[in-house]
Amino acid sequence: DDWYHTTLFVGYGTVYSLLWPLAPMVNWAVNWLCGRFELQRLLTTCRRPAPRKMATIGMWESAMRFQMHTNVVQVTLVAAFGTLTMDYYAGALGYPKTEGPNFVWEVHGEEVHVRVHIKIIVSLAVIFAELILIRLIVLALGDQDSSTILALGRDDYQERKKKARSLLHQTSDHESIATHRQGGVEP
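What counts, and at which threshold
- Residues numbered from 1 in each chain as written.
- Predicted model: local features only at pLDDT ≥ 70, side-chain atom pairs only at ≥ 80, totals over all residues.
- Heavy atoms only, no water.
- Helix = DSSP H or I, 4+ residues; strand = E, 2+ residues; numbered from the N terminus.
- Buried < 20%, exposed > 50% of the residue type's maximum accessible area, 1.4 Å probe, protein only.
- Contact = heavy atoms within 4.5 Å.
- Phe/Tyr/Trp six-rings, centres within 6.5 Å; stacked < 30°, edge-to-face > 60°.
- Axes fitted to C-alpha atoms, helices over the stretch in contact; angles between N-to-C directions.
- Parallel < 35°, antiparallel > 145°, perpendicular 65-115°, else oblique.
- Left-handed = near helix turned anticlockwise from the far one by under 90°.
- Nonpolar A, V, L, I, M, F, W, Y, C, P; charged D, E, K, R; others polar.
- Salt bridge = Lys/Arg side-chain N within 4 Å of Asp/Glu carboxyl O.

Thoughts on the side chain of N27
- Here N27 shows up in helix α2 (residues 23–44).
- In this structure N27 comes out as buried when scored by relative accessible area, which is 14%.
- Not counting residues up to four positions away in its chain, the partners in contact with N27 are F9, Y12 and G13.

Details of the packing of aromatic side chains
- Under the criterion given, the structure shown has two aromatic pairs.
- With a centroid separation of 6.5 Å and 25° between ring planes, the pair formed by W28 and W32 is classed as stacked. Residue W28 and its partner W32 are both found in helix α2; the two are separated by four residues, about one turn of the helix.
- With a relative accessible area of 54%, W28 lands in the exposed category.
- The exposure class of W32 is partly exposed, given its relative accessible area of 43%.

Quick word on the packing of helix α3 (residues 59–81) against helix α5 (residues 116–141)
- One can describe the packing of α3 onto α5 by two numbers: an axis separation of 9 Å at closest approach and a directional angle of 150°. The angle between the axes of α3 and α5 places the two elements in the roughly antiparallel class. The crossing of α3 and α5 is right-handed. Listed contacts from α5 to M68, H69, V72, V73, T76, L77, A80 and F81 of α3 are V116, K119, I120, S123, V126, I127, E130, L131 and I134.
- Per-class residue counts for the contact of α3 with α5 are twelve nonpolar, three polar and two charged.

Considerations on the pattern of salt bridges
- This model, assessed by the stated rule, comprises one salt bridge.
- Residue E106 is joined to R115 by a salt bridge in which the shortest nitrogen-to-oxygen separation is 3.6 Å.
- Judged by its relative accessible area of 16%, E106 is buried.

Details of the side chain of T76
- As for its placement among the helices and strands, T76 is situated in helix α3.
- For T76, the residues in contact, after removing those within four places along its chain, are S123, V126, I127 and E130.

A short note on the packing of helix α1 (residues 2–19) against α2
- Running from amino to carboxyl end, α1 crosses α2 at an angle of 160°, the nearest separation of the two axes being 8 Å. Put simply, α1 runs roughly antiparallel to α2. Two packed elements cross with a definite hand, and for α1 against α2 that hand is right-handed. From α1, D2, F9, Y12, G13, Y16 and S17 reach across to α2, where they touch A23, P24, N27, V30, N31 and E38.
- Each residue belonging to the contact of α1 with α2 can be placed in one class, and the counts come to six nonpolar, four polar and two charged.

By themselves, these figures tell us nothing about what the structure is for.
Next up, the structure:
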(Lines give C-alpha, C1' and ligand atoms only; values in the text may rest on other atoms or scores of the structure.)
Protein backbone atom coordinates (compact mmCIF):
# COMPACT_ATOMS: atom_id res chain seq x y z
CA ASP A 1 0.00 0.00 0.00
CA ASP A 2 2.81 2.43 0.85
CA TRP A 3 4.73 1.65 -2.34
CA TYR A 4 1.53 2.13 -4.35
CA HIS A 5 1.14 5.63 -2.92
CA THR A 6 4.83 6.39 -3.44
CA THR A 7 4.61 5.34 -7.07
CA LEU A 8 1.51 7.48 -7.57
CA PHE A 9 3.16 10.52 -5.98
CA VAL A 10 6.24 10.19 -8.20
CA GLY A 11 4.07 9.75 -11.28
CA TYR A 12 1.83 12.70 -10.45
CA GLY A 13 4.82 14.89 -9.71
CA THR A 14 6.38 14.09 -13.07
CA VAL A 15 3.26 14.30 -15.19
CA TYR A 16 1.67 17.35 -13.62
CA SER A 17 4.92 19.31 -13.44
CA LEU A 18 4.58 19.64 -17.21
CA LEU A 19 1.23 21.35 -16.78
CA TRP A 20 1.95 23.37 -13.66
CA PRO A 21 5.52 24.01 -12.46
CA LEU A 22 4.47 24.15 -8.79
CA ALA A 23 2.94 20.65 -8.91
CA PRO A 24 5.98 18.95 -7.29
CA MET A 25 5.81 21.42 -4.37
CA VAL A 26 2.08 20.80 -3.88
CA ASN A 27 2.72 17.07 -4.23
CA TRP A 28 5.39 17.28 -1.52
CA ALA A 29 3.08 19.26 0.79
CA VAL A 30 0.26 16.72 0.39
CA ASN A 31 2.70 13.87 0.97
CA TRP A 32 4.05 15.59 4.09
CA LEU A 33 0.56 16.19 5.50
CA CYS A 34 -0.54 12.61 4.78
CA GLY A 35 2.62 11.34 6.44
CA ARG A 36 1.92 13.43 9.54
CA PHE A 37 -1.67 12.19 9.75
CA GLU A 38 -0.57 8.58 9.35
CA LEU A 39 2.13 9.03 11.97
CA GLN A 40 -0.43 10.46 14.39
CA ARG A 41 -2.77 7.53 13.70
CA LEU A 42 0.04 5.01 14.20
CA LEU A 43 1.15 6.59 17.47
CA THR A 44 -2.31 6.87 19.01
CA THR A 45 -4.52 4.07 17.71
CA CYS A 46 -2.41 1.28 16.29
CA ARG A 47 0.24 -1.03 17.56
CA ARG A 48 3.76 -0.84 16.27
CA PRO A 49 4.21 -2.51 12.88
CA ALA A 50 6.33 -5.63 12.86
CA PRO A 51 9.53 -4.94 10.91
CA ARG A 52 10.53 -7.27 8.12
CA LYS A 53 13.88 -7.30 6.38
CA MET A 54 13.61 -7.15 2.63
CA ALA A 55 16.37 -7.14 0.04
CA THR A 56 14.20 -5.40 -2.58
CA ILE A 57 10.86 -3.62 -2.81
CA GLY A 58 9.45 -6.35 -5.00
CA MET A 59 7.22 -5.59 -7.97
CA TRP A 60 7.25 -1.87 -7.20
CA GLU A 61 10.88 -1.67 -8.29
CA SER A 62 9.98 -2.73 -11.83
CA ALA A 63 6.88 -0.50 -11.80
CA MET A 64 8.98 2.53 -10.84
CA ARG A 65 11.60 1.61 -13.44
CA PHE A 66 8.90 1.48 -16.13
CA GLN A 67 7.49 4.77 -14.91
CA MET A 68 10.94 6.38 -15.04
CA HIS A 69 11.50 5.31 -18.65
CA THR A 70 8.06 6.43 -19.82
CA ASN A 71 8.50 9.76 -18.03
CA VAL A 72 11.73 10.37 -19.96
CA VAL A 73 9.91 9.87 -23.24
CA GLN A 74 6.86 11.86 -22.17
CA VAL A 75 8.70 14.89 -20.82
CA THR A 76 10.99 15.06 -23.85
CA LEU A 77 8.16 14.84 -26.37
CA VAL A 78 6.02 17.39 -24.53
CA ALA A 79 8.97 19.79 -24.34
CA ALA A 80 9.68 19.34 -28.07
CA PHE A 81 6.15 19.46 -29.46
CA GLY A 82 4.05 21.18 -26.80
CA THR A 83 6.23 24.20 -26.11
CA LEU A 84 8.42 26.61 -28.01
CA THR A 85 11.57 25.14 -26.48
CA MET A 86 12.95 23.90 -29.81
CA ASP A 87 12.32 27.30 -31.41
CA TYR A 88 14.22 28.99 -28.59
CA TYR A 89 17.20 26.62 -28.82
CA ALA A 90 17.36 26.85 -32.62
CA GLY A 91 17.48 30.63 -32.36
CA ALA A 92 20.09 30.44 -29.59
CA LEU A 93 22.25 28.14 -31.74
CA GLY A 94 22.39 30.79 -34.45
CA TYR A 95 19.66 29.73 -36.86
CA PRO A 96 17.83 33.02 -37.51
CA LYS A 97 14.11 32.89 -38.24
CA THR A 98 13.49 33.74 -41.87
CA GLU A 99 10.27 34.56 -43.63
CA GLY A 100 10.72 31.93 -46.30
CA PRO A 101 11.01 28.21 -45.61
CA ASN A 102 14.49 26.76 -45.19
CA PHE A 103 16.08 23.62 -43.72
CA VAL A 104 15.38 24.49 -40.04
CA TRP A 105 12.30 26.68 -40.10
CA GLU A 106 8.86 26.31 -41.64
CA VAL A 107 5.98 28.78 -41.81
CA HIS A 108 2.56 28.04 -40.28
CA GLY A 109 0.28 30.90 -41.24
CA GLU A 110 2.00 33.91 -39.72
CA GLU A 111 4.15 31.93 -37.29
CA VAL A 112 7.59 30.47 -37.97
CA HIS A 113 8.56 27.26 -36.13
CA VAL A 114 11.20 24.54 -36.26
CA ARG A 115 10.34 21.82 -38.77
CA VAL A 116 8.62 18.72 -37.41
CA HIS A 117 11.22 16.26 -38.74
CA ILE A 118 13.97 18.19 -36.93
CA LYS A 119 11.92 18.09 -33.71
CA ILE A 120 11.52 14.33 -34.10
CA ILE A 121 15.24 13.75 -34.73
CA VAL A 122 16.34 15.96 -31.83
CA SER A 123 13.71 14.40 -29.52
CA LEU A 124 14.87 10.87 -30.33
CA ALA A 125 18.51 11.88 -29.76
CA VAL A 126 17.64 13.45 -26.39
CA ILE A 127 15.58 10.42 -25.34
CA PHE A 128 18.42 8.08 -26.32
CA ALA A 129 20.96 10.21 -24.41
CA GLU A 130 18.73 10.31 -21.31
CA LEU A 131 18.18 6.56 -21.33
CA ILE A 132 21.93 5.97 -21.68
CA LEU A 133 22.52 8.34 -18.76
CA ILE A 134 19.98 6.45 -16.64
CA ARG A 135 21.65 3.15 -17.54
CA LEU A 136 25.10 4.52 -16.62
CA ILE A 137 23.79 5.73 -13.26
CA VAL A 138 22.20 2.34 -12.54
CA LEU A 139 25.44 0.59 -13.49
CA ALA A 140 27.50 2.94 -11.33
CA LEU A 141 25.24 2.55 -8.29
CA GLY A 142 24.43 -1.11 -8.70
CA ASP A 143 21.47 -2.84 -7.14
CA GLN A 144 22.89 -2.75 -3.62
CA ASP A 145 26.21 -1.78 -2.21
CA SER A 146 28.45 -4.47 -0.78
CA SER A 147 27.98 -3.41 2.85
CA THR A 148 24.18 -3.74 2.54
CA ILE A 149 24.53 -7.21 0.99
CA LEU A 150 26.92 -8.21 3.80
CA ALA A 151 24.59 -6.83 6.50
CA LEU A 152 21.58 -8.65 5.03
CA GLY A 153 23.63 -11.85 4.88
CA ARG A 154 24.69 -11.49 8.53
CA ASP A 155 21.14 -10.77 9.63
CA ASP A 156 19.82 -13.78 7.73
CA TYR A 157 22.51 -15.96 9.32
CA GLN A 158 21.63 -14.66 12.81
CA GLU A 159 17.91 -15.28 12.21
CA ARG A 160 18.55 -18.84 11.01
CA LYS A 161 20.76 -19.44 14.06
CA LYS A 162 18.01 -18.19 16.41
CA LYS A 163 15.40 -20.38 14.70
CA ALA A 164 17.67 -23.41 14.99
CA ARG A 165 18.22 -22.72 18.71
CA SER A 166 14.50 -22.26 19.34
CA LEU A 167 13.71 -25.50 17.49
CA LEU A 168 16.39 -27.27 19.51
CA HIS A 169 14.97 -25.93 22.78
CA GLN A 170 11.40 -26.79 21.74
CA THR A 171 12.31 -30.40 21.05
CA SER A 172 14.22 -30.70 24.32
CA ASP A 173 11.25 -29.17 26.19
CA HIS A 174 8.86 -31.64 24.56
CA GLU A 175 11.15 -34.53 25.40
CA SER A 176 11.42 -33.43 29.04
CA ILE A 177 7.63 -33.03 29.32
CA ALA A 178 7.11 -36.48 27.82
CA THR A 179 9.70 -37.96 30.18
CA HIS A 180 8.08 -36.23 33.18
CA ARG A 181 4.59 -37.49 32.21
CA GLN A 182 5.89 -41.04 31.91
CA GLY A 183 7.18 -40.85 35.45
CA GLY A 184 10.79 -40.77 34.42
CA VAL A 185 13.58 -38.53 35.56
CA GLU A 186 14.92 -35.79 33.35
CA PRO A 187 18.50 -36.20 32.27
